[in-house]
Amino acid sequence: MSSSPSSSVQQAREVLAGRLREIRLDAGLSARALAAAAGWHESKTSRIENARTSPSDKDIRTWCEVCEAAEQTRDLIASARAVSSMYVEWRRVQRTGLGRLQRSSIPLYERTRHFRFYHSLLIPGLFQTPGYATALMGAITAFREIPDDIEQAVAVRMERQKVLHSGARFAVLVEQSVLSYQVGDAEVMAGQLGHLIAMAALPSVSLGIVPFATSGRPVWPLEGFSVFDDMQVNIELLSAQVTVTQPREITLYIKAFGGLADMAVYGGAARALITKAIDDLR
């Protein structure tokens, strides 16, 4: 697994590595003795114990067998898989197209009651029109050279938008630049911006636009992130999605969201910025 920019991912890897090291020490084995019994090079044991290499299921089974700790195998494998899911490369979840990824997020969206979305590049998925989503997913499919299941993926994304009427709360912040980054042609973009105005009128939605003219800005533009209740943060990078579940880091993202929210404009002022962006398309 690639090194993650999120410290919570690395911390989880180090906790798992520490547990494996403790098992070896409790068994009275040196790193060299474990490696010899497992049939691999001593450096592999070192890499695993120093969280530089993520152990496979087979590695963990062998480790526990050599250390006579078979009863811990299942729990350790579960922990390793949980760590792996914290940093997921897009190529891993998009190798068959985008539809499977869209479907996989439905349970998270259905159980969340308070959503916080911040985007500096795109309109959040829950507020996208079919035309905007189709253009965006078309670009992603071409860039990543993955199978084309755009029609199905867009259909799932539109179906997921049912949560907007589920009684949950939605706080949405976008940088003003998002209104100008044209996805699709002018007609698609105008339709998307008009839809954004309509969605902002929903009683469950708070839409804020962070304007260009923000003096003394205390929070700089960040990568897009989504906060689900106070339990999980998803951050979208170019190559991967990072999932943060450590309370300390979630608190940091919520603090950043609050700072961005304080800079944003709402209501009529937000509508005016969106309307201007629509006029600029003509």
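If you're wondering where the values come from, they're calculated on a predicted model, not measured in any experiment.

## Things to note about the nonpolar core
And step 1. Residues Phe117, Phe127, Phe170 and Ile274 are the most contacted members of the largest nonpolar core, which totals 31 residues.
And step 2. Of all the secondary-structure elements, those providing two or more residues to this core are α8 (106-111), β2 (114-119), α9 (130-144), β3 (169-175), α11 (186-200), β4 (205-210) and α13 (267-280).
And step 3. Val227, Val233, Tyr253 and Ala264 belong to the second largest nonpolar core, which has 26 residues in total.

## Looking at the environment of leucine 237
And step 1. Among the structural elements, leucine 237 can be located in the loop between β6 (232-236) and β7 (240-244).
And step 2. It is 18 Å that separates the C-alpha atoms of leucine 237 and alanine 256, two residues lying 19 residues apart in sequence.

## Here's the deal with the packing of aromatic side chains
And step 1. Applying the stated rule across the entire model yields 10 aromatic pairs.
And step 2. Centre to centre, the rings of tyrosine 109 and phenylalanine 115 are 5.6 Å apart; their planes meet at 40°, and the pair counts as tilted. The pair formed by tyrosine 109 and phenylalanine 115 is uniform in burial state, with each residue classed as buried.
And step 3. Ring pairs connect the aromatic residues Tyr109, Phe115, Phe117, Phe127, Phe170 and Phe228, which therefore count as one cluster.
And step 4. Lying over the aromatic face of tyrosine 109, arginine 160 brings its terminal NZ or CZ to 4.4 Å of the ring centre.

## Digging into the environment of isoleucine 250
And step 1. Among the secondary structure elements, isoleucine 250 is positioned in helix α12 (residues 247-263).
And step 2. Take isoleucine 250: its relative accessible area is 3%, and that puts it in the buried class.
And step 3. The spacing of isoleucine 250 and arginine 100 is 150 residues in sequence and 26 Å in space, taken between C-alpha atoms.
And step 4. Contacts of isoleucine 250, omitting those with residues within four sequence positions, involve Asp230, Met231, Gln232, Val233, Val244 and Thr245.

## With respect to the confidence of the model for the protein chain
And step 1. Model confidence for the protein chain is summarised by a mean pLDDT of 91, while 97% of its residues fall at 70 or above.
And step 2. Below pLDDT 50 for its whole length, residues 1-5 participates in 17 contacts with residues either more than four positions away or in separate chains.

## Some points on the pattern of salt bridges
And step 1. Inspection of the entire model under this criterion finds nine salt bridges.
And step 2. Note that arginine 32 is salt-bridged to glutamate 42, the shortest N-O span being 3.1 Å. Of this pair, arginine 32 sits in helix α2 (residues 31-38) while glutamate 42 sits in helix α3 (residues 42-49), and the two are 10 residues apart along the sequence.

## A short note on the packing of α11 against α13
And step 1. The N-to-C vectors of α11 and α13 enclose an angle of 165°; their axes lie 9 Å apart at closest approach. As judged from the angle between their axes, α11 and α13 are roughly antiparallel. Of the two possible hands of crossing, α11 and α13 adopt the one that is left-handed. Only Arg271, Ile274, Thr275, Ala277 and Ile278 of α13 make contact with α11, whose side of the interface consists of Ala190, Leu193, Gly194, Leu196 and Ile197.
And step 2. Here the contact of α11 with α13 is composed, by residue class, of seven nonpolar, two polar and one charged.

## Observations regarding the pairing of strand β5 (residues 225-228)
Side chains on a regular strand alternate between the two faces of the sheet.
And step 1. What you see with β5 is no split at all: Phe225 and Val227 on one side and Ser226 and Phe228 on the other are buried throughout.
And step 2. Bridge count between β2 and β5: four bridges; the pairing is antiparallel. Bridging from a neighbouring strand, phenylalanine 115 pairs with phenylalanine 228 of β5.
And step 3. The turn linking β5 back onto β6 is made up of three residues, and aspartate 229 within it adopts a positive phi angle of 50°.

## What to know about α2
And step 1. Residues of α2 that are buried: Ala31, Leu34, Ala35 and Ala38. Seen from one end, α2 has its buried residues packed into an arc of 100°, which puts them on one side. Turned more than 90 degrees away from the buried face of α2, the exposed residues are Arg32, Ala36 and Ala37.

Rules used in this analysis
- The written sequence of each chain sets the order in which its residues are numbered from 1.
- Reporting of local features is limited, given that this is a predicted model, to residues whose pLDDT is at least 70; pairs of side-chain atoms are given and counted only at 80 or more, and all residues count toward the totals for whole chains, interfaces and linings.
- To get the side-chain values, take all heavy atoms of the structure and skip hydrogens and water.
- Nonpolar core, defined: a set of buried Ala, Val, Leu, Ile, Met, Phe, Trp, Tyr and Cys residues in which side-chain atoms within 4.5 Å join the residues together.
- Only protein chains enter the accessibility calculation, which uses a 1.4 Å probe; a residue whose area is less than 20% of its type maximum is buried, one above 50% is exposed, and one in between is partly exposed.
- Elements are defined by DSSP. Helices are runs of H or I of four residues or more, strands are runs of E of two residues or more, and each kind is numbered from the N terminus.
- Here is the rule: rings of Phe, Tyr and Trp (six-membered ring for Trp) pair when centre to centre is within 6.5 Å. Planes less than 30 degrees apart are stacked, more than 60 are edge-to-face, and the remainder are tilted.
- The criterion is that NZ of a Lys, or CZ of an Arg, lies within 6 Å of the ring centre and within 35 degrees of the ring normal, and then a charge sits over that ring.
- Contacts are assigned to residue pairs with any non-hydrogen atoms lying within 4.5 Å of each other.
- Note on scores: pLDDT gives the predictor's confidence for each residue, bounded by 0 and 100.
- When a carboxyl oxygen of Asp or Glu lies within 4 Å of a side-chain nitrogen of Lys or Arg, that pair is called a salt bridge.
- Each axis is a line fitted through C-alpha atoms, and for a helix only the stretch in contact is used; angles between axes span 0 to 180 degrees, taken between their N-to-C directions.
- Throughout, the term roughly parallel applies to angles under 35 degrees, roughly antiparallel to angles over 145, roughly perpendicular to angles from 65 to 115, and oblique to all others.
- Crossings are classed by handedness, with left-handed meaning an anticlockwise turn of the near helix from the far one by less than a right angle and right-handed meaning a clockwise turn.
- Ten residue types, Ala, Val, Leu, Ile, Met, Phe, Trp, Tyr, Cys and Pro, are classed as nonpolar, four, Asp, Glu, Lys and Arg, as charged, and the remainder, Gly among them, as polar.
- One bridge is not enough; two strands pair if DSSP finds at least two bridges between them.
- Note: the arc covers the axis-to-C-beta directions of the helix.

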